[in-house]
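# Structural features, examined
The chain contents come next:
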Amino acid sequence: GLGLELVKALQQRGLRVTGTTRKDSDALTATGAKVISGIDLEDDNSGKLLVEKLAGDKVDVLWCSAGYFFTGETFDVLNWEEQRKMYEICAIAPLRITQALVTGNLVCSGAKVILITSEGGSIGLRSFEEGGGHYGHHCSKAAENMMGRLMAFDLKPRGIAVQMQHPGFLRTEMTAHYAHFYDEFGAVPASEAVPKLIDCANALTLETTGRFIAPLGANGLGLGAKQLPAGFQPGDGIPW
């Protein structure tokens, strides 16, 4: 998935990487990165536990890439338990983790926080052509984008910059149910998207904090691309 490819790419750039997981991952361990397992993002104590397990290690760039997508919701068939899970993992957990690391003095002035969110959280890109449904997915991502925007305001005085990224339409296990759209909407492997995500994170400054961007440009925005202004470029801001 995306998280694993981020670890590999960051290591290739000579960076020291720590990855967190809910349960042991052979693939992550095989990268040689430091791995902290047992971080369950639905647990209110996950932030505190991560601070303890980092044991004083500072974090220069915090990537929050975990996500959860339950499919099949329509207006007539809703799943409240799965909706709550999406909000918990996508919108609440990144705030919980970031707040714990900042107040624990592990994410300090000069650091960056990158939230991997989704164009699915953009109200401006939704259209009658695309239609409704998938309430938990769209609403939890919109909540994550709002959380990131507010967090950027709170962390700027502390010298910490925040960026929300739509990673594009990726060919991963999470999107496998949309495999029939891969070719039509330009889905790419996570390994192809990751370098552009990292470049945008590297370009982030306190002057550009709080933006919701598309590192791959219009590619991977699906029908939402029709709502974009002319001349939309990679790294441009996505409508809220």
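Higher on the page you've got the structure.
Since the structure is predicted, the reported quantities are computational estimates derived from the model, not experimental observations.

Moving on, we get to the sheet that holds strand β6 (residues 211–213). As summarised here, the arrangement of the four strands in space is β3-β4-β5-β6, forming an open sheet in which the pairing is parallel. One side of each edge strand has no neighbouring strand; the edge strands of this open sheet are β3 (61–64) and β6. Averaged over neighbouring strand pairs, the angle between their axes works out to 20° when direction is ignored. Where strand β5 (residues 161–165) meets β6, three bridges bridge the pair, whose relative direction is parallel. Counted as the bridge partner of glutamine 165 is isoleucine 213 from β6.

Once that is clear, we can look at the packing of aromatic side chains. Within this structure, the stated rule accounts for one aromatic pair. Taking the centre distance of 5.7 Å and the plane angle of 35° together, the rings of phenylalanine 212 and tryptophan 240 count as tilted. Remark: tryptophan 240 occurs in the segment after β6 and phenylalanine 212 occurs in strand β6; sequence separation between them is 28 residues. Exposure remark for phenylalanine 212: the relative accessible area of 2% places this residue in the buried category.

Before going further, it helps to examine helix α1 (residues 2–12). Taken residue by residue, α1 has Leu2, Glu5, Leu6, Val7, Ala9 and Leu10 as its buried positions. Buried residues belonging to α1 abut α2 (26–29), β3, β4 (112–116) and α6 (190–203).

Judged by nonpolar contacts, the single largest core of 32 residues is most densely connected at Leu101, Val107 and Val113. Of all elements in the fold, only α3 (46–54), β3, α4 (80–103), β4, α5 (135–155) and β5 reach the threshold of two or more residues within this core. With five residues, the single largest contributor to this core is α4. Judged by nonpolar contacts, the second largest core, of 22 residues, contains Ile114, Val188, Ile198 and Leu204.

Here the focus is α5. Structurally, the α-helix is built with 3.6 residues per turn, so residues lying three or four positions apart point the same way. Across its 21 residues, α5 extends 30 Å between first and last C-alpha, which sits within 8% of the 30 Å expected from 1.5 Å per residue. Along α5, the residues classified as buried are Gly136, His137, His138, Ser140, Lys141, Glu144, Asn145, Met147, Gly148, Met151, Ala152 and Leu155. Buried residues belonging to α5 abut α4, β4, β5 and β6.

By the secondary structure assignment, lysine 226 is in the segment after β6. In this structure the side chain of lysine 226 is engaged in a polar contact, spanning 2.9 Å, whose partner is the side chain of glutamate 129.

The next point concerns a nonpolar patch on the surface. On the surface, Met146, Leu150 and Phe153 cluster together into a nonpolar patch covering about 320 Å² of accessible area. On the basis of relative accessible area, leucine 150 is assigned to the partly exposed category, the value being 44%.

On to unusual backbone geometry, then. Positive phi, close to 50°, is recorded for alanine 55, a residue that is not glycine. For alanine 55, the location among the structural elements is in the loop between α3 and β3. A positive phi angle, close to 60°, is found at asparagine 105, a residue other than glycine. Looking at asparagine 105, the relative accessible area reads 48%, which means it is partly exposed.

Attention shifts here to the pairing of β4. A regular strand places its side chains so that they alternate between the two faces of the sheet. Summarising burial for β4: five of the five residues are buried, a large majority. Along β4, one buried face is formed by Lys112, Ile114 and Ile116 and the opposite face, lined by Val113 and Leu115, is buried too. Both β3 and β4 contribute to a ladder of four bridges, which runs parallel. Following the sheet pairing, valine 61 is matched in β4 by lysine 112. Note: β4 against β5, five bridges, orientation parallel. Across the sheet, the residue bridging to isoleucine 116 is glutamine 165, located in β5. Each parallel crossover has a hand, and for β4 linked through α5 to β5 it is right-handed.

Rules and cut-offs
Residues numbered from 1 in each chain as written. Predicted model: local features only at pLDDT ≥ 70, side-chain atom pairs only at ≥ 80, totals over all residues. Heavy atoms only, no water. Pairing = 2+ DSSP bridges. Helix = DSSP H or I, 4+ residues; strand = E, 2+ residues; numbered from the N terminus. Axes fitted to C-alpha atoms, helices over the stretch in contact; angles between N-to-C directions. Phe/Tyr/Trp six-rings, centres within 6.5 Å; stacked < 30°, edge-to-face > 60°. Buried < 20%, exposed > 50% of the residue type's maximum accessible area, 1.4 Å probe, protein only. Contact = heavy atoms within 4.5 Å. Core = buried A, V, L, I, M, F, W, Y, C linked by side-chain atoms within 4.5 Å. Expected span 1.5 Å × (residues − 1). Polar contact = N/O pair within 3.5 Å; in protein donor to acceptor, adjacent residues only side chain to side chain. Patch = residues over 30% accessible without salt bridge, like charges linked within 9 Å, V, L, I, M, F, W, Y side chains within 5 Å. Areas by Shrake-Rupley, 256 points an atom, 1.4 Å probe, with all protein chains shown as cover. Salt bridge = Lys/Arg side-chain N within 4 Å of Asp/Glu carboxyl O. Right-handed = clockwise from strand over helix to strand, strands pointing away.

No statement about biological role is implied by the geometric values presented.
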